[in-house]
Amino acid sequence: MSGYEARDKESIRQDLASHDDEVRRLAVERLAGLPSEESLLRLVDCLGDPSWRVRKAAVERLASAPEPWEAADALIGALADGDNPGRRNAAVEVLVQTGSRVVPRLIEATRDADVDVRKLVVDALAGIADERATTRLIDMLQDEDPNVRGAAADA
């Protein structure tokens, strides 16, 4: 890594930790210049930012990434963040925008032990509306949790 790249990475890292929402939002925009394996994970982290503008920028960057499905596991992990509904909702938004490419991973995640993850995964599958999920969504009508069953019925 050249000195320039190292300085730029450090600058982005510092800006992401700024107290200024606009500085953090601009840092999110600059993440696209990093290698995708690094930028995708940092963008998923930014989905939990207290500022809706920063979260929205992260959603847009993730959804427009050349290969956003590479972040599917991290996005599904974000669904388990019970302390941050903004992060969970932003992750669902990205998953829906990513579309059919994440359906197989979402179908796997319908078996997660965390009821909130199962419910939000069902919401994402409903938003994607890929017929490959139909059989599993029908199965989810028998889930032990009434919220998951209701989401499956709506889907």
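Refer to the structure presented above.
Residues numbered from 1 in each chain as written. Predicted model: local features only at pLDDT ≥ 70, side-chain atom pairs only at ≥ 80, totals over all residues. Heavy atoms only, no water.

Would you mind going over helix α8 (residues 115–128) with me for this structure?
Working note: α-helix, 3.6 residues per turn, so residues spaced by three or four point in the same direction. Relative to the 20 Å expected for 14 residues at 1.5 Å per residue, α8 spans 20 Å between its end C-alpha atoms, a close match to the ideal helical length. Taken residue by residue, α8 has Val117, Arg118, Leu120, Val121, Val122, Ala124, Leu125 and Ile128 as its buried positions. Among the structural elements, α5 (72–78), α6 (85–98), α7 (103–109), α9 (134–139) and α10 (146–154) are those in contact with the buried residues of α8. Just beyond α8, the residue with positive phi is alanine 129, at close to 55°. (Helix = DSSP H or I, 4+ residues; strand = E, 2+ residues; numbered from the N terminus. Expected span 1.5 Å × (residues − 1). Buried < 20%, exposed > 50% of the residue type's maximum accessible area, 1.4 Å probe, protein only. Contact = heavy atoms within 4.5 Å.)

Got a minute to help me understand the packing of helix α2 (residues 21–30) against helix α4 (residues 52–63) in this structure?
If you want to describe how two helices pack, look at the angle between their axes and the distance between the axes. Orientation of α2 relative to α4, taken along the N-to-C sense of each, is 5°, at an axis distance of 9 Å. As the angle between them shows, α2 and α4 are arranged roughly parallel. Across from Asp21, Glu22, Arg24, Arg25, Val28 and Glu29 in α2, the residues of α4 making contact are Arg53, Val54, Ala57, Ala58 and Arg61. Grouping the amino acids of the contact of α2 with α4 by side-chain chemistry returns four nonpolar, no polar and seven charged. (Axes fitted to C-alpha atoms, helices over the stretch in contact; angles between N-to-C directions. Parallel < 35°, antiparallel > 145°, perpendicular 65-115°, else oblique. Nonpolar A, V, L, I, M, F, W, Y, C, P; charged D, E, K, R; others polar.)

When you look at the side chain of arginine 118 in this model, what are you seeing that I'm missing?
Along the chain, arginine 118 falls in helix α8. Residues within four places of arginine 118 in sequence aside, it is in contact with Ala109, Thr110, Arg111, Asp112, Ala113, Met140, Asp143, Glu144, Asp145 and Val148.

Would you mind showing me how to read unusual backbone geometry here?
Negative phi values dominate among residues other than glycine, just as trans dominates among peptide bonds. Look at alanine 129: it is not a glycine, yet its phi comes out positive at around 55°. Along the polypeptide, alanine 129 turns up in the loop between α8 and α9.

Got a minute to help me understand the pattern of salt bridges in this structure?
Any two side chains of opposite charge can pair if their charged atoms end up close together. Under the definition given, this model contains 19 salt bridges. With a shortest N-O distance of 2.9 Å, glutamate 38 and lysine 9 are connected by a salt bridge. Here glutamate 38, found in helix α3 (residues 36–46), pairs with lysine 9, found in helix α1 (residues 3–16); they are 29 residues apart in sequence, far enough to count as distant. One salt-bridge network, held together by shared partners, links Glu22, Arg25, Glu29, Arg53 and Arg61. (Salt bridge = Lys/Arg side-chain N within 4 Å of Asp/Glu carboxyl O.)

Even after reading the chapter, I still don't get the nonpolar core, so can you show me in this structure?
Most often, soluble globular proteins keep nonpolar side chains buried together rather than apart. One finds Leu47, Leu62, Leu75 and Leu106 to be the most contacted residues of the largest nonpolar core, which totals 46 residues. In terms of residue count, α8 provides more of this core than any other element does, seven residues in total. Leucine 106 has contacts with Ile76, Leu95, Val121, Ala124, Leu125 and Ile128, leaving out every residue within four places of it along the chain. (Core = buried A, V, L, I, M, F, W, Y, C linked by side-chain atoms within 4.5 Å.)

Hey, could you run me through the environment of valine 115 in this one?
With respect to the helices, strands and loops of the structure, valine 115 is situated in helix α8. Taking the C-alpha atoms as reference points, valine 115 and leucine 79, separated by 36 residues in sequence, lie 10 Å from one another. Ignoring sequence-local partners within four residues, the contact set of valine 115 consists of Asp145 and Val148.

Explain the environment of valine 23 to me, please; I cannot follow it from the model alone.
Note on placement: valine 23 falls in helix α2. As for valine 23 and glutamate 10, which are separated by 13 residues in sequence, their C-alpha atoms are 14 Å apart.

Looking at this structure, how should I read the side chain of threonine 110?
Along the polypeptide, threonine 110 turns up in the loop between α7 and α8. Reaching out from threonine 110, the side chain makes a polar contact with the backbone oxygen of isoleucine 107 at a distance of 2.6 Å. (Polar contact = N/O pair within 3.5 Å; in protein donor to acceptor, adjacent residues only side chain to side chain.)

How should α10 be read in this particular structure?
Buried within α10 are the following residues: Val148, Ala151 and Ala152. Burial along α10 is one-sided: seen end-on, the buried residues are contained in an arc of 100°. Seen from the open side of α10, the exposed residues pointing more than 90 degrees away from its buried face are Asn147, Ala153 and Asp154. Residues of α10 that are buried sit in contact with α8 and α9. (Arc of directions from axis to C-beta.)

Structural measurements only, silent on function.
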